[in-house]
Amino acid sequence: MAKKKTKKIKEKKVKLGKSKETAREKMIGQHIGYRYDVNLLPDYKKITPFLKKYVEYMGWDDLNWLEDVHMGYEENRPAVFCRNANGWVTIPKKIKLPNNQQDRDMIARELLVKFQMSPKHPLVDLKKAYRKF
Amino acid sequence: MANLKDSSKKSKSQSMGMHTELLKGRTQQRFFDSEEAENFYYFGNYDVDFNKRTELDVKNMEAPQANKKIDELMSEGYGTIVIQNPQGKHSLGVGILNKLNLIFEGSLGYFAVGSCDGPNVRITGRVGWSCAQNLMAGKVVIEKNAGSSFGAAIRGGDLICKGSVGARTGIDMKGGTIIVGGDAGAFTGFMMQRGRIIILGDVGINLGDSMYDGTIFIGGKIGSFGSDAIEAELTFVDKEWLKRKLKVAEIGENFDVNKIKKIVAGKKLWNYDNLEPTEKKGAI
């Protein structure tokens, strides 16, 4: 009687979530999710002088809500999402973007704060029109 | 039959007709100069001074009256306001969109400091349900225990409870950090979408149930995992961040971060087929 060949089952070590994403993406034929790491923690060595001043002014110990702000993309252009306006703020062309995500994120944070505090922010008009007290 | 043959070549979602819809948002063009003068508060808000301090006794006030008085004090430039005798009133300190040091000497009821954006709040007592719900930015510290739905739907900022919290902590949160020094109840991080939760004590059943994204760090025992919540590797960056954040939170500074378990979404429930159209992939 011929010996039965026993196949060794190799356990593949895969990165967390990676294979599942690929399988899912294959199934639906489309990329899912963000094109940047939404869970990336900020590197405080890269903090800009403007952000330092902002954090100090607000009396916080760190970047606080800005820890969740990252540089994303809108209409094929780098942009940062403004949650107050519920829209993307595209980065001006004159700003040269560095290659690493940490530096890009700091630029996005700075630009977002400047936009939100600007009198040209859409909420200023809304406030004028709808504020009740 | 020809149509059937054609559709078999397509992916499952394409054959179901899911890719016919074009994702086009309404575009509103706004121009602003990023080199404008530095301004650190929302247009039309108050530039208050932390060194200008006042006290407000709310014993005989209704919550709307007390909240209006806080607004008036901010308009006068007061940057530090101490609220005396809150006596467990509901909805105190809500809707503050300003930098401010707000101190409550006592306990608060439901929906304390909800929908805030910027203030640093300290509550020396306990809080009821839904404390700091929809927090956008700022730091809220509770010295004792908190009720259920602690930090519901927060989008940013640091929310710290030095004691224990009830069930559904961080339900539907979309950003920010929740830090709990004690234990947490069932369904912690239920349907969370982004942000981070740190619980130094034990957690109840169904931890991170149906979480879409974000991270949960647990220092104690876990009752059970919820649907699609899985354990992940705690990285060096995580540990460094945890050490820094626990110091900021004024709790667990000496806690051994190596004991902490990291929980993330297994992403099996990701069914957002049209989240980003294929044509945008070229921009990566």
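In this text the structure is predicted, and so the values were computed from the model without any measurement.

**Quick notes on the overall build of chain A**
Reasoning step 1: Secondary structure assignment for chain A yields four helices and three strands.
Reasoning step 2: What you see in chain A, going N to C, is helices and strands ordered as α-α-β-β-β-α-α.
Reasoning step 3: In chain A, buried positions account for 23% of the 133 residues.
Reasoning step 4: Across chain A, contacts joining residues at least 24 apart in sequence account for 57% of those joining residues at least 6 apart.

**What about the overall build of chain B?**
Reasoning step 1: Each helix and strand counted, chain B has four helices and 11 strands in total.
Reasoning step 2: The buried share among the 284 residues of chain B stands at 41%.
Reasoning step 3: Looking at chain B alone, contacts between residues at least 24 apart form 29% of all its contacts between residues at least 6 apart.

**Let's talk about the confidence of the model for chain B**
Residues and elements named next belong to chain B.
Reasoning step 1: For chain B, mean pLDDT is 88; residues scoring 70 or higher make up 84% of the total.
Reasoning step 2: Here residues 1–7 is modelled with pLDDT under 50, and outside its nearest four sequence neighbours on either side it reaches one contact, counting other chains as well.
Reasoning step 3: In this model, residues 278–284 is a region of pLDDT below 50 whose contacts with residues beyond four sequence positions or in other chains number eight contacts.
Reasoning step 4: For this predicted complex, the interface confidence reaches an ipTM of 0.83, while the overall pTM sits at 0.84.

**What about the environment of F150 of chain B?**
Residues and elements named next belong to chain B.
Reasoning step 1: The residue F150 is located in the loop between β5 (137–142) and β6 (158–161) in this model.
Reasoning step 2: Separated by 43 residues in sequence, F150 and S107 place their C-alpha atoms 15 Å apart.
Reasoning step 3: The residues touching F150, leaving out its near neighbours within four places in the chain, are C131, C161, V165, G166, T169 and I178.

**Side note on the sheet that holds strand β1 (residues 72–74) of chain A**
Residue and element names in this part refer to chain A.
Reasoning step 1: In spatial order, the strands read β1-β2-β3; together these three strands make up an open sheet with antiparallel pairing. Both edges of this open sheet fall to β1 and β3 (87–90), since each of them pairs with a single strand only. Across the sheet, the mean angle separating the axes of adjacent strands is 60° when strand polarity is ignored.
Reasoning step 2: Across four bridges, strand β2 (residues 77–82) lies against β3 in antiparallel orientation. Its bridge partner being in β3, V80 is matched across the sheet by V89.
Reasoning step 3: Where helix α3 (residues 101–116) meets the sheet, it contacts β2 and β3, and its direction lies at approximately 55° from that of β2.

**Quick notes on the pairing of β2 of chain A**
Regular strands have side chains that alternate between both faces of the sheet.
Residue and element names in this part refer to chain A.
Reasoning step 1: Here β1 runs beside β2; their pairing, made up of three bridges, is antiparallel. Bridged to Y73 within β2 is P78.
Reasoning step 2: Following β1, the chain reverses through two residues before pairing antiparallel with β2; E75 in that reversal takes a positive phi of roughly 50°.
Reasoning step 3: The loop that links β2 with its antiparallel partner β3 comprises four residues; one of these, N86, has a positive phi angle of about 55°.

**Details of helix α4 (residues 236–248) of chain B**
Residue and element names in this part refer to chain B.
Reasoning step 1: In this model α4 runs 19 Å from its N-terminal to its C-terminal C-alpha over 13 residues, within 8% of the 18 Å that 1.5 Å per residue would give.
Reasoning step 2: Every buried residue belonging to α4 is among W241, L242, K245 and L246, and all of these are buried. Looking straight down α4, one finds that the buried residues subtend no more than 130° of arc, so they occupy a single side. Seen from the open side of α4, the exposed residues pointing more than 90 degrees away from its buried face are F236 and V237.
Reasoning step 3: Among the structural elements, β7 (174–180), β8 (194–199) and β9 (215–218) are those in contact with the buried residues of α4.
Reasoning step 4: Immediately downstream of α4, the backbone of E250 shows phi near 65°, a positive value.

What counts, and where the lines are drawn
Residues numbered from 1 in each chain as written. Chains lettered and ligands numbered in written order. Predicted model: local features only at pLDDT ≥ 70, side-chain atom pairs only at ≥ 80, totals over all residues. Helix = DSSP H or I, 4+ residues; strand = E, 2+ residues; numbered from the N terminus. Buried ≥ 20, exposed ≤ 12 C-beta atoms within 10 Å, placed from the backbone. Contact = placed C-beta atoms within 7 Å. pLDDT = per-residue confidence, 0-100. Pairing = 2+ DSSP bridges. Axes fitted to C-alpha atoms, helices over the stretch in contact; angles between N-to-C directions. Expected span 1.5 Å × (residues − 1). Arc of directions from axis to C-beta.

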